[in-house]
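# Secondary and tertiary structure notes
One letter stands for each residue in the lines below.
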Amino acid sequence: MKKNIKAIFLDIDNTLLDFDECVRRAMVEGFAKFGLKPYEDWMYPVFVKINNKVWEQLENKELTFEELLHTRWQQVFDAIGIDFDGYTFEKYFVDYIYHSAIPVAGAEEILQYLQGKYILCAASNGPYRQQCNRLTKANMLEYFDHIFISERLAAVKPTVAFAEKALAEMQKVGHNFAFEEIMVIGDSLSSDIALGKNCGMQTCLFNREGRIHEAQVDYEVTSLEALKNII
């Protein structure tokens, strides 16, 4: 158990809230809503591949968030053979996500465990109001001392700027920590773990699917409950 950790940067999507399941439901309901061909299970991995690609482009500053919104679903539809305007579906999809709050197993329990032991900070890429609304609907917002979302900070994970702006906000209320006193917990190697490495924070990969990887991380768990063994 780490004794020198004072604050935690905790990811939202696929760490606290089940983004994968939300997308599947959005595809099933959205395809029916717009009269598209029925959703099939093979389509979801296509979305994942394209979504991961465009978010990595965003994280690497190769793409703006507005450009992501205009291209993501068009690329998905082109790949799965659907002739429909991607941006029209994107607007539906963003609204669906805004109102979605499907907890990952053990999410609220681990927040209850961490609250009071550490300064808890939500650290997420995405629209600020959307992420706050989803946490509110899931009864999780109240557990956090700080909410750091890329849209509001004008910086994305895994950039150092994201962390520096977050620390500056923490310092305004007397939470004065060095990077090495913070642990980043999340499911993404390219976003969460990379943020920790870029800033000298401690890292914990939430690898609930047990995927094989070669990344060097300080800790790795396959369930949120297992975090109790390290922090």
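Note that the structure is predicted; figures quoted are calculated from it, not measured.

### Remarks on the pairing of strand β5 (residues 202-206)
Across the five residues that make up β5, a large majority, five, are buried. As judged from the four bridges shared by strand β4 (residues 182-186) and β5, these two strands associate in the parallel manner. In the sheet register, Val184 faces β5, and the bridge partner there is Thr203. Viewed along the sheet, the connection from β4 through helix α9 (residues 189-199) into β5 turns out right-handed.

### Quick notes on the state of the cysteines
The full count for this structure, using the stated rule, is zero disulfides. You can see Cys121 has no disulfide; the closest cysteine sulfur is in Cys132, sitting 13 Å from it. Owing to a relative accessible area of 0%, Cys121 belongs among the buried residues under this scheme.

### Quick look at the packing of aromatic side chains
The geometry of an aromatic ring pair comes down to the distance between the two centres and the angle between the two planes. Applying the stated rule across the entire model yields 18 aromatic pairs. Here Trp73 and Phe93 contribute two aromatic rings whose centre-to-centre distance is 5.2 Å and whose plane-to-plane angle is 65°, an arrangement assigned as edge-to-face. Pair noted here: Trp73 is in helix α3 (residues 65-80) and Phe93 is in helix α4 (residues 86-98), with a separation of 20 residues, a long-range link. Taking relative accessible area as the criterion, Phe93 reaches 1% and is therefore assigned buried. On the basis of an interplanar angle of 70° and a centroid distance of 5.2 Å, the ring pair of Phe77 and Phe89 is categorised as edge-to-face. Remark: Phe89 occurs in helix α4 and Phe77 occurs in helix α3; sequence separation between them is 12 residues. Taken as a pair, Phe77 and Phe89 share a single burial class, namely buried. By way of ring pairs, the aromatic residues Phe19, Phe31, Phe34, Tyr44, Phe47, Trp73, Phe77, Phe84, Phe89, Tyr92, Phe93 and Tyr96 are connected into one cluster. One cation-aromatic arrangement involves Arg24 over Tyr44; the distance from NZ or CZ to the ring centre is 4.3 Å. The lysine or arginine in question, Lys33, covers the ring of Phe34, its NZ or CZ lying 5.6 Å from the ring centre.

### Points about the packing of helix α1 (residues 19-33) against helix α2 (residues 43-59)
In a packed pair of helices, the relevant descriptors are the angle between the two axes and the axis-to-axis distance. With their axes 11 Å apart at the nearest point, α1 and α2 run at an angle of 120° to one another. By the angle between their axes, α1 is oblique relative to α2. Viewed along their axes, α1 and α2 form a crossing whose handedness is right-handed. Counting all contacts with α1, which are made through Phe19, Asp20, Val23, Arg24, Met27 and Phe31, the residues of α2 involved are Met43, Tyr44, Phe47 and Asn51. When the residues that make up the contact of α1 with α2 are grouped by side-chain class, the tally is seven nonpolar, one polar and two charged.

Here is what the cut-offs are and how they apply
- Residues numbered from 1 in each chain as written.
- Predicted model: local features only at pLDDT ≥ 70, side-chain atom pairs only at ≥ 80, totals over all residues.
- Heavy atoms only, no water.
- Buried < 20%, exposed > 50% of the residue type's maximum accessible area, 1.4 Å probe, protein only.
- Helix = DSSP H or I, 4+ residues; strand = E, 2+ residues; numbered from the N terminus.
- Pairing = 2+ DSSP bridges.
- Right-handed = clockwise from strand over helix to strand, strands pointing away.
- Disulfide = S-S within 2.5 Å.
- Phe/Tyr/Trp six-rings, centres within 6.5 Å; stacked < 30°, edge-to-face > 60°.
- Lys NZ or Arg CZ within 6 Å of the ring centre and 35° of its normal.
- Axes fitted to C-alpha atoms, helices over the stretch in contact; angles between N-to-C directions.
- Parallel < 35°, antiparallel > 145°, perpendicular 65-115°, else oblique.
- Left-handed = near helix turned anticlockwise from the far one by under 90°.
- Contact = heavy atoms within 4.5 Å.
- Nonpolar A, V, L, I, M, F, W, Y, C, P; charged D, E, K, R; others polar.

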